[in-house]
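So the chains spell out like this:
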Amino acid sequence: MIVAFFVSRIIPVKGITNITVQEAKNKGKDKRVQFIDVRTPGEYNGYSSKPFMNIPLSNLSAKLETLDKNKEIVVICQSGMRSAKAAIILKKHGFNKIYNVKGGMSAWR
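The rules behind the values
- Residues numbered from 1 in each chain as written.
- Predicted model: local features only at pLDDT ≥ 70, side-chain atom pairs only at ≥ 80, totals over all residues.
- Heavy atoms only, no water.
- Helix = DSSP H or I, 4+ residues; strand = E, 2+ residues; numbered from the N terminus.
- Contact = heavy atoms within 4.5 Å.
- Buried < 20%, exposed > 50% of the residue type's maximum accessible area, 1.4 Å probe, protein only.
- Core = buried A, V, L, I, M, F, W, Y, C linked by side-chain atoms within 4.5 Å.
- Salt bridge = Lys/Arg side-chain N within 4 Å of Asp/Glu carboxyl O.
- Pairing = 2+ DSSP bridges.
- Right-handed = clockwise from strand over helix to strand, strands pointing away.

### A closer look at the overall build of the protein
Here comes step 1: Scanning the protein from N- to C-terminus turns up six helices and five strands.
Here comes step 2: Helices and strands appear in the protein in the N-to-C order α-β-α-β-α-β-α-β-α-β-α.
Here comes step 3: Across the protein, every contact between residues at least 6 apart in sequence was considered, and the portion connecting residues at least 24 apart equals 68%.

What follows is the structure in structure tokens.
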């Protein structure tokens, strides 16, 4: 059971792709892509980047109806951990084209 837990953490989830900061920036002008920053409002206000809109991870489930399931979604946080959790939540709710930015905003600068 312990082995299964660790293996499940390593194997990528179908429909969720980890991308680099540069790959995320390349998607930046595509109107068919939604950009979500799942950090807290304080973190977001301290430093954010267009075109990301702030939907904190704690509020994501309540805001799912504001997102388009037919569009790609790029998710970012400070380091990539919360955005990975957000990607799983999105996947469980029927989103299929989800990109998690490796390294998060720490790597963005």
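### Describing the environment of V33
Here comes step 1: Positionally, V33 belongs in strand 2 (residues 33-37).
Here comes step 2: V33 sits in the buried class, given a relative accessible area of 8%.
Here comes step 3: A sequence separation of 35 residues divides V33 from D68, and the C-alpha atoms of the two residues are 9.4 Å apart.
Here comes step 4: In contact with V33, not counting residues within four places along its chain, are K27, E72 and V74.

### Observations regarding the nonpolar core
Here comes step 1: Among the nonpolar cores identified, the biggest contains 15 residues, and L60, L67, I73, V75, L90, F95 and I98 are the most heavily contacted of them.
Here comes step 2: Going through the elements one at a time, strand 4 (72-76) and helix 5 (81-92) are the ones with two or more residues in this core.
Here comes step 3: The element best represented in this core is helix 5, accounting for three residues.
Here comes step 4: If we ignore the near neighbours within four places in the chain, the residues touching L60 are I55, L67, A86, I89 and L90.
Here comes step 5: Formed by twelve residues, the second largest nonpolar core is a distinct cluster that contains F35, F52, I76 and V101.

### With respect to the pattern of salt bridges
Here comes step 1: Across all of its chains, the model carries four salt bridges by this definition.
Here comes step 2: A salt bridge links D30 to R32; the nearest nitrogen and oxygen atoms lie 3.0 Å apart.
Here comes step 3: Residue D30 is classed as partly exposed on the basis of its relative accessible area of 24%.

### Looking at the environment of K85
Here comes step 1: Tracing the backbone shows K85 in helix 5.
Here comes step 2: K85 gets classed as exposed once you look at its relative accessible area, which sits at 52%.
Here comes step 3: Spatially, the C-alpha atoms of K85 and V75 are 9.8 Å apart, while their sequence positions differ by ten residues.

### Focus on the side chain of N100
Here comes step 1: Within the fold, N100 resides in strand 5 (residues 98-101).
Here comes step 2: A relative accessible area of 4% places N100 in the buried class.

### Concerning the pairing of strand 5
Side-chain positions along a regular strand alternate between the two faces of the sheet.
Here comes step 1: Burial along strand 5 is two-sided: the face carrying I98 and N100 and the face carrying Y99 and V101 are both buried.
Here comes step 2: Here strand 1 (residues 16-19) runs beside strand 5; their pairing, made up of four bridges, is parallel. The residue of strand 5 that forms the bridge with I19 is V101.
Here comes step 3: Bridge count for strand 4 against strand 5 is three bridges, and the pairing is parallel. Bridge assignment links I73 to a residue of strand 5, and that residue is I98.
Here comes step 4: Following the chain from strand 4 across helix 5 to the adjacent parallel strand 5, one finds a crossover that is right-handed.

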